[in-house]
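Below are the chains, spelled out letter by letter.
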Amino acid sequence: MEHNNTVQLITTPTKIIKSQNQKLVFAVNGERFELSNVDPSTTLLQFLRSHTRFKSVKLGCGEGGCGACNVLLSKFDTNLKQIEDYIANSCLTLLCSINGCSITTTEGLGNSKDGFHSIHQRFAGFHATQCGFCTPGMCVSLFSALVNAEKTERPEATLGFSKLTVSEAEKSISGNLCRCTGYRPIADVCKSFAGDVDMEDLGLNSFWKRDAKLPKLPFYDSKQICTYPEFLKNEDFGLDSINYQNAYWHSPMSMDELGSVLLDEKSLKVKLVVGNTGISYYKEYEKYDKYIDLRFIPELSVIKISSSCIDIGATVSISKVISALKDVEADESGIVLKKIALHFEKIATEAVRNVASIGGNLVMAQRQNFPSDIATVLLAVKTKVTILKGVKKEIITLEDFLERPSLDSKSVLVSVHIPFSEQPNNGYSNISKTKRLFETYRASPRPLGNALPYLNAAFLADVSSCDSDVIIDNIQLAFGSFGVKHVVRASEVENYLVGKPLTVSVLSQSLKLARRFVSPEDGTSHPAYRSSLAVDYLFDFLYPLVDSKVNSSRGNNSSLIYNDCERTMLLSSAKQVIESSHEHYPVGEPIVKSGAAIQASGEAVFVDDIPSPLNCVYGAFIYSTKPLARVKSVNLKSEEDVIGLVSYKDFPEGGDNVGAKTIFGPEPLFANDLTECTGQRIAFVVADTQKNADMAADMSIVDYDIMNLEPPILTVEQAVEKSSFFEVPSFIYPSQIGDFSKGMAESDHQIHSAEIRLPSQYYFYMETQTALAVPDEDNCIVVYSSIQVPEYAQSVIARCLNIPEHNVRVITRRVGGGFGGKALKAMPIATACALAAYKLRRPVRTYVNRKTDMIMAGGRHPMKINYTVGFKSNGKITALHLDVLVNAGMSTDISPILPSNMIGTLKKYNFGALSFDFKICKTNHSSKSAMRGPGEVQASYIAEAVIEHIASVLNIDVGLIREINFHDFDSLKLFYGVSAGEPLEYTLPTIWDKLMTSSNFDYRVEMVNEFNRCNIWRKKGLSRVPMLHEVSLRATPGKVSILRDGSIVVEVGGIELGQGLWTKVKQMTAYGLSAVRCDGSDGLLEKVRVVQADTLSMVQGGFTAGSTTSEASCEAVRICCNVLVERLKPIKEKLEERMGSVKWEVLIMQANGQSVNLSASSYFVPEFMDMRYINYGAAVSEVEVNLLTGETKILQADIIYDCGQSLNPAVDLGQIEGAFVQGIGFFMLEEYLTNSDGLVVADGTWTYKIPTIDTIPSQLNVQIVNSGPHKKRVLSSKASGEPPLLLASSVHCATRAAIKEARNQLRSWKGLEGSDSFFQLDVPATMPVVKTLCGLDSVDFYLQSLLST
Ligand SMILES: Cc1cc2nc3c(=O)[nH]c(=O)nc-3n(C[C@H](O)[C@H](O)[C@H](O)COP(=O)(O)OP(=O)(O)OC[C@H]3O[C@@H](n4cnc5c(N)ncnc54)[C@H](O)[C@@H]3O)c2cc1C
Ligand code: FES
Ligand code: FES
């Protein structure tokens, strides 16, 4: 259907400017939009979210790094009569640049009213959404891949499938982040569309039963969606300029026009734009007067191929450059160009590459020293560029271009010329035997790209063979991105190599030169690692030539150590085994998650999707950049668009400066005169739009004074020195076990005071903190908050505003990922909005930008641990003592619970005697808070580190040390008391054995050993790790009401965070009410709706945390259902006597007629003796470490987890996989770095790397065991939210095992006897960490060993 929308786009609702003649015309999901006044700095995302009903485009990062905002952009080529479709990040795309385009968002594919698209249906049916915030972007990425696959000339796919291959399907979401699912089910959705899919490979889904795999997938019709509406094809898109106030957008169509636009206004601030992706890295807070879109100038946008070179216009997108380079058919040049294309495919993400221009990249490298891949690769092949300054055109080498002073804003890069290979000019040897070699390299934490490299390199060489020697005739060695201004040629190394026969000693000397040459500038992270990468890449390039003839050695010129195909292999397979119980139907069924399809179609409403009420204004936080300082003043750079500034001076009379609270105490909302940590909230600036509020906050200037202040406490050691601690109430401090001195006396060996340091981790929920506060009558306020604890926010807001709690209504429908970060940390966000709304008497909302969120979040507790352990010669531990210094930050938050959480998990082994000392250090860091498995993940890891240490000391297999220290039931009871439950409930030994068999452990140990014997530069490691995790139930309310038509509405204290709480509650309601035994009770499930939490409707909602809220909410609901069933039963029996069978609707009608109360509420309070219990699981992980780069690939992970009788195995499976992958992030990838003041510097997707589809295990097998009846549990179920995260330590342990192999090999090269002693492997085990332990100089020792033999 076509619609007509003529919209006047303005960024501030209050200022409307007279319409111009020029107009911007485009379509969104088939609807026509025409705009005449546009602020040229407006992004497509801002427009869609604030001026249309299409809210599915989510803001996850605002920098092209997450894919949550992805849209399909379609253009019509009037000459070729073809539609071009590609994904783009709407957060970077400028609205003015989409003139004549059609936009498709996930809403355009289908919806709940007209029918969902098969993509939506499959996301739901494969259980591939949890919080659902990433899902719309995922759907669009997949849709784009499907649309483009149809355009290929491949044979038609079977009906219902696409031309997409499985591998392409998986890769289609490689630029999208998901923090909940762990990607496996999303990969299955993608693969399910592929023409070459093997249905057996697809995971658990609701479309077929496990035993009867008859494909019944929702039908995919490739022609269903028209991406470019007919009406747009006939439009005249003569846009050459558009403006808003004094800001202009120009689209010159020729170089002459460009010249005159540039010359026209010398004094104005001008920005040349192509893809506008540059603002992702170089954030722009200033406004330009003039934007000049270069894309329509033919000279800048063509690709010309001649016999000697390929000329690429500067505005050509990287994607188009890749296609063109792949298509060139020319002997050796063709190979070189194809390798360049392969390298370019690792740049950014597909969505970025589709719009980002080659010229934009090079200009960023030239002007701002951007660590470019393009510059490095093109430098090695002697590229030239044409630049235009005024009317003067110049062709210069890329090297010259990069060396010159920064290009001014009115100079234009016109084109890039990549020469084809000339025949090698051989000055040294026989021409007929020459060969050209070319290779490119990049070391980055994500194999498929979407991460800047630590170093990139490109090497081009002409080599010839003479007798048995290989001589280098010419060589170009380009190294970039390692902490230099721009890419550089290693001319000293080149000069050294040219003309010499390549021997081991020549190679060795050249590597020494390379190490000296590649020397990062001061302040660059991991300098030694980056230098060693240069050495290792050069080694990889040249070593195969040593001692062998050119022609036979490198054959197809491929690298010995790296193989692109292997590098980019994704999730090859996965298996899920679930043992469900039908005893309490529909509880126990793997039913589809409630609301999954509307999450996929973008209809699910998150807080920021609620339309802004009339008069709404927007807030942004101004935070401290000093750890301890007096705040003298806060100044805004410009007051334009600012409506107010709220700080600690603005509390109403009697109101407290409180932003969050727990039983341990409050945290202030704003710093008063003194700021006590970086990231502390100082003020909340309110403006007419979120963008203006963010800009005002970002450009604000805070005047600090540190005179006469003590230095801040920034380390736990300083906290100890100053005795700066938070108290842990004695009632939650755990008890010591046994007699430590006695245990030590019994030991044969002892390790004293070994140290471990564990870092923080950021939540990286895809939806950042957000709230909307709306003042209501009579001093009341309604606050919509994305929060895990609405009840506490209500209480904090009331205290802050000095109003009774019944005046505060906090509403939470769904949360776009929480992981603990939306508990305490969401309260100040809601409170600041409430305070500003209260002060300004108008609605106030905020959607905290990713950077501010990362700076203020706090995250997981970093800590330092020292352990002393005594053990027997067989590895049996007799005593363990821990000294733990927890860095809690500036306020208590929940930090005092850390000792009990940690000891609860640490006790997974029988340590004989266990003693400990915890200090919860008060420091000048942002307060740390609960993050999924708070303390537990660290403690579980510490236990494993101790075990590994002992194994290393005794040189005994680590698996045996684990087993000898396992609990028997008696010791379990001693360590855990009542939590241990009954002997039959201790399922860990069974799980452990089962996993041994199911993972084929013994056989794989042999295979790993064999692999390690045969491979020099790759080593594998295998590890099997057990998991115990104690959880505790808390009291929680529930309410079930039956409406007149028989539909049922349920309220619970628990919040739906994506963990499937609503789904389990729905199932429990249907089960509970089915006890009435009406006709057709099977259909009750469809009648249940769980509704948003509302603190005035359901009081005492409490915390949604600790993994047990789902089961507690279910129990609360079950109690309500029992009450209702008791009320309904007599009526039903009477009806039955009269009518035989009774239908549900009839029963409810009768009950209403008889004035039966059809609403019941409850407050489930767990019995003290039954509230704690233990969860069990185990995992085997196998990894492969690349010794040259430090890259770790997780080859396989096998998990067995005991869910009791799972309430919903599909939901629990999602929790297990998602938690495991989040754990991989903690142990392997995520560096939450701060500067020396404690200010978070890893503040966006550029620097903080959560797992992506290319970093999860290639094979992921999960088995959920049903451990049968557990009398004291909710329908025998057990928790799944947090415990599986702990299992990811198996990946870390396996990495340690692989590194151990590498170190032993290095010892042998060094001529040392025996095996390596114990080493600590840092968390996270990133590439630099791994490589450093494997030996930054391993190649040198290897060559030395060759020379000496
Ligand atoms: C998430 C993400 C990841 C990335 N990862 C990588 C990576 O791994 N490796 C890598 O090499 N790059 C990477 N990039 C950088 C990317 O390649 C560049 O952002 C992009 O190529 C810039 O092109 P653009 O058309 O978007 O430029 P724009 O943003 O439009 O412009 C960038 C700058 O160049 C100027 N400019 C543009 N064209 C011209 C011209 N013809 N003449 C004069 N000035 C001009 C503009 O005025 C502006 O100052 C990444 C980018 C993003 C967003
Ligand atoms: S919001 Fe655009 S990519 Fe993250
Ligand atoms: S479901 Fe992907 S981020 Fe939550």
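So, how was this worked out
Once a new chain begins, its residue numbering starts again from 1 and follows that chain's sequence as written. Whichever chain is written first is A, and whichever ligand is written first is 1; the rest continue in order. It should be noted that, the model being predicted, local features are given only for residues of pLDDT at least 70 and side-chain atom pairs only at 80 or more, the latter also being counted only at that level, while totals for whole chains, interfaces and linings use all residues. Hydrogens and water are ignored here; the side-chain numbers use all heavy atoms of the structure. Strands here mean DSSP runs of E at least two residues long; helices mean DSSP runs of H or I at least four residues long; both are numbered from the N terminus. C-alpha atoms define the radius of gyration, and 2.2 Å times the number of residues to the power 0.38 defines the globule rule. For each residue, the accessible area found with a 1.4 Å probe, counting protein chains only, is set against the maximum for its type, and the residue is called buried under 20%, exposed over 50%, and partly exposed in between. Any pair of residues with heavy atoms lying within 4.5 Å of one another is described as a contacting pair. We get accessible surface area from the Shrake-Rupley algorithm with a probe of 1.4 Å; when it comes to residues, only the shown protein chains can shield them. Pairing between two strands requires that DSSP report at least two bridges joining them. In this count, Lys and Arg are taken as positive residues and Asp and Glu as negative ones, while His and the chain termini are left out. What counts as a salt bridge is simple: a side-chain nitrogen of Lys or Arg found within 4 Å of a carboxyl oxygen of Asp or Glu. Two aromatic rings from Phe, Tyr or Trp, using only the six-membered ring of Trp, form a pair when their centres are within 6.5 Å; if the ring planes differ by under 30 degrees the pair is stacked, by over 60 it is edge-to-face, and anything between is tilted. To sit over a ring, a charge needs its Lys NZ or Arg CZ within 6 Å of the ring centre and within 35 degrees of the ring normal. Here, the term nonpolar core denotes a set of buried Ala, Val, Leu, Ile, Met, Phe, Trp, Tyr and Cys residues that are joined through side-chain atoms within 4.5 Å.

**What about the overall build of the protein chain?**
For step 1, the next point in the chain: Each helix and strand counted, the protein chain has 41 helices and 46 strands in total.
For step 2, the next point in the chain: For 1349 residues, the compact-globule estimate of 2.2 N^0.38 gives 34 Å, and the C-alpha radius of gyration of the protein chain, at 32 Å, lies within 12% of that figure.
For step 3, the next point in the chain: Overall, the C-alpha framework of the protein chain stretches about 100 × 85 × 75 Å when taken along its three principal axes.
For step 4, the next point in the chain: A total of 1349 residues make up the protein chain; the buried ones form 64% of that total.
For step 5, the next point in the chain: Sequence-distant contacts in the protein chain: of pairs separated by 6 or more residues, those separated by 24 or more amount to 77%.
For step 6, the next point in the chain: Summing over all exposed atoms, the protein chain offers an accessible surface of approximately 48000 Å²; the carbon and sulfur share of this is 50%.

**Observations regarding the sheet that holds strand E28 (residues 701-705)**
For step 1, the next point in the chain: With antiparallel pairing, three strands are arranged side by side in an open sheet as E26-E22-E28. Strand pairing shows two members of the sheet lacking a second neighbour, strand E26 (674-675) and E28, which therefore form its edges.
For step 2, the next point in the chain: Sheet analysis places strand E22 (residues 629-635) next to E28, joined by five bridges and oriented antiparallel. Each bridged residue has a counterpart across the sheet, and for Val631 the counterpart in E28 is Tyr704.

**Overview of the pairing of strand E36 (residues 877-889)**
For step 1, the next point in the chain: Here E36 lies mainly inside the structure; 12 of its 13 residues are buried.
For step 2, the next point in the chain: Bridge count for strand E35 (residues 863-871) against E36 is nine bridges, and the pairing is antiparallel. Across the sheet, residue Val869 finds its bridge partner in E36, namely Leu880.
For step 3, the next point in the chain: Linkage of E35 to E36, two consecutive antiparallel strands, is achieved through a turn of five residues, within which Gly875 is found at a positive phi near 100 degrees.

**Focus: the side chain of Lys928**
For step 1, the next point in the chain: Turning to its location among the elements, Lys928 is positioned in the loop between strand E37 (913-922) and helix H28 (936-954).
For step 2, the next point in the chain: Nearest to the buried, unbridged Lys928 among oppositely charged side chains is Asp893, at 9.9 Å.
For step 3, the next point in the chain: Sequence-distant contacts of Lys928, that is, excluding residues within four places in its chain, are made with Gly858, Gly859, Arg860, His861, Pro862, Asn887, Ala888, Gly889, Asp893 and Ser895.

**Quick word on the packing of aromatic side chains**
For step 1, the next point in the chain: Tallying each qualifying case throughout the model produces 45 aromatic pairs.
For step 2, the next point in the chain: Taking 5.6 Å as the distance between ring centres and 5 degrees as the angle between the ring planes, the aromatic pair formed by Phe26 and Phe33 counts as stacked. Across this residue pair, the class does not change: Phe26 and Phe33 are buried.
For step 3, the next point in the chain: Ring geometry for Trp1017 versus Trp1309: centroids 5.4 Å apart, planes at 50 degrees, classification tilted. With Trp1017 in the loop between helix H32 (1001-1014) and strand E38 (1018-1032) and Trp1309 in helix H39 (residues 1289-1309), this residue pair connects regions lying 292 residues apart in the sequence. Per residue, the accessibility class of Trp1017 equals that of Trp1309, and both read buried.
For step 4, the next point in the chain: Feature note: the residues Tyr762, Tyr763, Phe764, Tyr765, Tyr1232 and Tyr1248 constitute an aromatic cluster, connected by ring pairs.
For step 5, the next point in the chain: Over the ring of Trp992 we find Arg1024; its NZ or CZ atom is 3.8 Å from the centre of that ring.
For step 6, the next point in the chain: Taking NZ or CZ as reference, Arg1024 lies 5.0 Å from the ring centre of Phe1001, over its face.

**Description of the pairing of strand E39 (residues 1036-1042)**
For step 1, the next point in the chain: Counted residue by residue, E39 has six buried out of seven residues, so it is predominantly covered.
For step 2, the next point in the chain: With six bridges connecting them, E39 and strand E43 (residues 1159-1164) associate as antiparallel partners. The residue bridging Ser1041 from the neighbouring strand is Ser1159, located in E43.
For step 3, the next point in the chain: The hairpin formed by E39 and strand E40 (residues 1048-1052) contains five residues between the paired strands, and Gly1046 there has a positive phi angle of roughly 90 degrees.

**A look at the nonpolar core**
For step 1, the next point in the chain: Membership of the largest hydrophobic core comes to 264 residues, with the highest contact counts inside it found for Phe123, Phe479, Leu542, Phe684, Leu906 and Phe1220.
For step 2, the next point in the chain: Beyond its immediate chain neighbours, meaning those up to four positions away, Phe479 contacts Thr376, Leu455, Asn456, Ala457, Phe459, Val487, Val488, Ala490, Phe517, Val518 and Ala534.
For step 3, the next point in the chain: Core analysis: the next-biggest nonpolar cluster, separate from the first, contains 46 residues, Ile1042, Leu1147, Val1156 and Leu1158 among them.

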